[in-house]
2 protein chains.
Amino acid sequence: MRAMTDDGSGMTGGRSRILEAVVDVIADEGIDRASVRAVAQRAGVSIGAVQHHFRTKAQMLEGAMAQLTALFEAQARDDAAAGAEAPDSPGGSARQDGPGDPLLVLRTMCIGLALVDEESRRLGGVWLDFVATSRVNEGLAGIHRSAWARLRGLFAYLISEIEPGHTGPESAADLLLASLDGIAVSRMTEPQYMTAERAQGLVEAALVAVRAVEGGRSSGAQS
Amino acid sequence: MRAMTDDGSGMTGGRSRILEAVVDVIADEGIDRASVRAVAQRAGVSIGAVQHHFRTKAQMLEGAMAQLTALFEAQARDDAAAGAEAPDSPGGSARQDGPGDPLLVLRTMCIGLALVDEESRRLGGVWLDFVATSRVNEGLAGIHRSAWARLRGLFAYLISEIEPGHTGPESAADLLLASLDGIAVSRMTEPQYMTAERAQGLVEAALVAVRAVEGGRSSGAQS
């Protein structure tokens with residue numbers, strides 16, 4: 001995953017250096033330790049410089065979560081583009097009426113969201129801290145809610161492309177996203193058990209399971 | 001869910017009052033604010049009284065997470081017993097060779113773990129903070145890992161009871177638990193979207209999807 005300082009503007013100045021330091025401190029020590037003081041020290045700037053960009057710790061965290069979310073979404077767009085460009089899709093039976101194979105796009109995004117690779121695992125830990133803190137910080141909660149709403153919409157669209165007769169693409173998207181969230185939490189908190197290989201196997205199983213989800217409220221385990 | 005002071009000993013003395021205060025502070029303000037000072041104030045005891053039971057903040061958090069885990073596991077046993085006692089199971093086709101209907105036991109546990117009801121939602125927020133913090137606190141990580149290992153074993157057992165011919169009960173248990181984790185995170189962080197009704201519908205969908213999970217590494221979305 002690209003460095004957070006690469007904001008497309010070519011600038012690696014004060015604000016983005018500070019946001020990168022926020023992420024580094026959270027990744028290494030937890031959000032509990034991400035004080036303005038610790039961030040200033042990590043970024044090699046004065047406390048006043050941090051406060052110039054972010055008046056409060058809450059604003060600093062919001063800035064970092066917004067940037068991390070933008071980064072994940074940019075990564076998802078790259079994943080989707082990579083899926084679209086893949087010359088030989090393993091999902092041979094899926095429809096091929098879009099710019100890319102929607103199953104391959106969905107799978108690539110799922111592997112990213114489940115934090116199968118190591119670098120995304122590091123940033124996922126930061127994301128988990130932000131999500132936990134969003135319980136008590138409305139600014140972070142808003143960022144989380146909008147990002148998840150966009151993802152759900154995209155997943156439901158891809159599922160209806162893959163399975164045009166699917167009776168509940170929205171529920172299937174909800175369940176798939178929940179599964180990825182759970183796999184990601186496990187990747188972050190018990191990596192000895194949830195290895196990259198096991199996580200990838202579960203992503204494949206979750207993609208298969210998408211087909212079993214029906215529309216509306218399910219009638220239970222007797223399908 | 002029962003109050004945390006009910007530890008079965010009939011005592012509601014210093015240590016358990018302090019642990020209850022830890023949980024209350026985290027539930028209302030986040031783990032960031034759970035200082036020894038704030039906990040002492042919440043419990044109505046001196047800072048020295050907290051330090052008598054827990055030498056450090058880390059030990060205090062470990063104590064609270066261990067107690068919360070024990071509480072969830074006691075709840076799960078109650079849920080299992082309630083499932084076992086239910087006179088009329090909706091899972092009519094499941095085998096009935098144990099003390100209870102394993103599908104009903106599994107479903108009841110799933111609804112508890114997905115935080116469908118409000119009180120479990122509150123304690124789930126505390127659990128999420130513990131899990132996020134376990135990334136940087138080995139004591140919390142150990143509690144989390146053992147609890148999840150026990151749950152996975154129990155889930156795999158129940159799935160193999162429900163579906164004796166299932167080719168991958170362990171993978172199915174992993175995916176089911178991941179789904180519940182993700183639903184729970186959504187219940188805690190975006191309750192307006194992930195209502196109790198939607199969460200319950202997704203639990204049912206996850207139980208159906210269990211059947212689609214195959215053993216070992218899946219060959220992909222082409223089942």
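Before reading on, note that the structure itself is shown above.
Anyway, here's the lowdown on the structure attached to this text. (Residues numbered from 1 in each chain as written. Chains lettered and ligands numbered in written order. Predicted model: local features only at pLDDT ≥ 70, side-chain atom pairs only at ≥ 80, totals over all residues. Heavy atoms only, no water.)

## Considering helix 6 (residues 118-133) of chain A
Residue and element names in this part refer to chain A. Between its terminal C-alpha atoms helix 6 stretches 23 Å, which fits the 22 Å expected from 16 residues at 1.5 Å a residue. Burial analysis of helix 6 places 12 of its 16 residues in the buried class, which makes it a mostly covered element. Within the sequence span of helix 6, burial applies to S120, L123, G124, G125, V126, W127, L128, D129, F130, V131, A132 and T133. At the N-terminal boundary of helix 6, the capping side chain belongs to D117, with an oxygen 3.1 Å from the backbone nitrogen of E119. (Helix = DSSP H or I, 4+ residues; strand = E, 2+ residues; numbered from the N terminus. Expected span 1.5 Å × (residues − 1). Buried < 20%, exposed > 50% of the residue type's maximum accessible area, 1.4 Å probe, protein only. Polar contact = N/O pair within 3.5 Å; in protein donor to acceptor, adjacent residues only side chain to side chain.)

## Looking at the pattern of salt bridges
Taken as a whole, this structure holds 30 salt bridges over all chains when the rule is applied. A salt bridge links R107 of chain A to E204 of chain A; the nearest nitrogen and oxygen atoms lie 3.1 Å apart. Of this pair, R107 of chain A sits in helix 5 (residues 102-113) while E204 of chain A sits in helix 9 (residues 196-209), and the two are 97 residues apart along the sequence. Per residue, the accessibility class of R107 of chain A equals that of E204 of chain A, and both read buried. A salt bridge links R135 of chain B to D129 of chain A; the nearest nitrogen and oxygen atoms lie 3.0 Å apart. In this pair, R135 of chain B is assigned in the loop between helix 6 (118-133) and helix 7 (138-162) and D129 of chain A in helix 6, connecting two distinct chains. (Salt bridge = Lys/Arg side-chain N within 4 Å of Asp/Glu carboxyl O.)

## Points about the packing of aromatic side chains
This structure, assessed with the given rule, holds four aromatic pairs over all chains. Residues W127 of chain B and W148 of chain B carry aromatic rings whose centres are separated by 5.4 Å and whose planes lie at 20° to one another, so their mutual orientation is stacked. You can see W127 of chain B sitting in helix 6 and its partner W148 of chain B sitting in helix 7, a full 21 residues away along the chain. The exposure class assigned to W148 of chain B is buried, which follows from its relative accessible area of 8%. Here R198 of chain A stacks its cationic end above the ring of Y193 of chain A, 4.1 Å away from the centre of that ring. (Phe/Tyr/Trp six-rings, centres within 6.5 Å; stacked < 30°, edge-to-face > 60°. Lys NZ or Arg CZ within 6 Å of the ring centre and 35° of its normal.)

## Points about the packing of helix 6 of chain A against helix 7 (residues 138-162) of chain A
All names here are of chain A. Contact geometry for helix 6 and helix 7: axes closest at 8 Å, N-to-C directions at 115°. One element, helix 6, and the other, helix 7, form an angle in the roughly perpendicular class. Along this stretch, helix 6 crosses helix 7, giving a crossing that reads as left-handed. Residue-level inspection shows W127, F130, V131 and T133 of helix 6 in contact with helix 7, the latter providing L140, H144 and W148. In terms of residue class, the contact of helix 6 with helix 7 is built from five nonpolar, two polar and no charged. (Axes fitted to C-alpha atoms, helices over the stretch in contact; angles between N-to-C directions. Parallel < 35°, antiparallel > 145°, perpendicular 65-115°, else oblique. Left-handed = near helix turned anticlockwise from the far one by under 90°. Contact = heavy atoms within 4.5 Å. Nonpolar A, V, L, I, M, F, W, Y, C, P; charged D, E, K, R; others polar.)

## A look at the environment of R33 of chain B
Residues and elements named next belong to chain B. With respect to the secondary-structure elements, R33 resides in the loop between helix 1 (14-29) and helix 2 (36-43). Separated by 94 residues in the primary sequence, R33 and W127 have C-alpha atoms spaced 15 Å apart. Beyond its immediate chain neighbours, meaning those up to four positions away, R33 contacts V25 and A38.

## Regarding the packing of helix 1 of chain B against helix 6 of chain B
All names here are of chain B. Running from amino to carboxyl end, helix 1 crosses helix 6 at an angle of 90°, the nearest separation of the two axes being 9 Å. By the angle between their axes, helix 1 is roughly perpendicular relative to helix 6. Facing V23, D24, I26 and A27 of helix 1, the residues of helix 6 in contact are R122, L123, V126, D129 and F130. When its residues are assigned to classes, the contact of helix 1 with helix 6 shows six nonpolar, no polar and three charged.

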